[in-house]
Amino acid sequence: MTAQEYEQLSAPFRSEQGQRWLNLVNRLLTRSCYAAYPLCLALLLWQRDPRLIRAVAVPAVSFVAVSVFRHLCDAKRPYEVLEIRPLIHKDKKGKSFPSRHVFSMFVIAMTFLWLLPPVGVLFLLMGAVLAACRVIGGVHWPRDVLVGAAVGIASGVLGFWVI
């Protein structure tokens, strides 16, 4: 993606109201995922559901692996390379690949898909919207969010259905 392509992609959100909406959707999607997941775990614990161990372990192990890989790659973010003003405020340098926000949303979506399929589908859709927000917001490259989603899905498939 070039600076011109980014400007075209983000143009509909460059107004004050557009930026407000983009940031609101980004925050709401992130927070809803990070609130729903612990509630789900608490419910599994309360019900003494044996699936609790895998519902904790699969996302946790995957998250650590993605975090280590991200640290080692230390890929630059679009606003570092293209000299653009991101619509989602971020001062962080590097650690762009893969998107951990998107990865987290998708691995949690896979957890829900395993436990409560309709909720899982909803979170997969929310993950796609979050991925678009992160690219439009200028904090991730398209490859960052695509790989984040793919790794989240693969982690869920391996952790919940293959192993």
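Going by the structure above, here's the rest.
Residues numbered from 1 in each chain as written. Predicted model: local features only at pLDDT ≥ 70, side-chain atom pairs only at ≥ 80, totals over all residues. Heavy atoms only, no water.

Novice: Please provide a residue-by-residue account of the overall build of the protein chain, values included.
Specialist: Along its length, the protein chain carries seven helices and zero strands. From first element to last, N terminus to C terminus, the protein chain shows the α and β order α-α-α-α-α-α-α. Its C-alpha atoms give the protein chain a radius of gyration of 16 Å, within 12% of the compact-globule value 15 Å for 163 residues. Referenced to the eigenvectors of the C-alpha coordinate spread, the extents of the protein chain come out at roughly 50 × 35 × 20 Å. For the protein chain, with 163 residues in total, the buried portion stands at 46%. If you take every contact in the protein chain between residues at least 6 apart in sequence, the share linking residues at least 24 apart comes to 73%. If you sum the accessible surface of the protein chain, you get close to 8,800 Å²; carbon and sulfur atoms cover 69% of it. On the protein chain, the mean spot of the 18 positive side-chain charges and the mean spot of the 9 negative ones are 9 Å from each other. (Helix = DSSP H or I, 4+ residues; strand = E, 2+ residues; numbered from the N terminus. Rg over C-alpha atoms; globule rule 2.2 N^0.38 Å. Buried < 20%, exposed > 50% of the residue type's maximum accessible area, 1.4 Å probe, protein only. Contact = heavy atoms within 4.5 Å. Areas by Shrake-Rupley, 256 points an atom, 1.4 Å probe, with all protein chains shown as cover. Lys, Arg positive; Asp, Glu negative; His and termini not counted. Charge placed at Lys NZ, Arg CZ, Asp CG, Glu CD.)

Novice: Give a description of the state of the cysteines that names residues and reports values.
Specialist: Within this structure, the stated rule accounts for zero disulfides. The thiol of Cys133 is unpaired, and the distance to the nearest cysteine sulfur, on Cys33, comes to 14 Å. (Disulfide = S-S within 2.5 Å.)

Novice: So what about the pattern of salt bridges? Which residues, and what values?
Specialist: Tallied over the full model, the rule gives four salt bridges. The salt bridge involving Glu7 is made with Arg14; its shortest N-O contact spans 3.3 Å. Of the charged contacts in the structure, one is a salt bridge between Asp49 and Arg51, with a shortest N-O distance of 2.8 Å. (Salt bridge = Lys/Arg side-chain N within 4 Å of Asp/Glu carboxyl O.)

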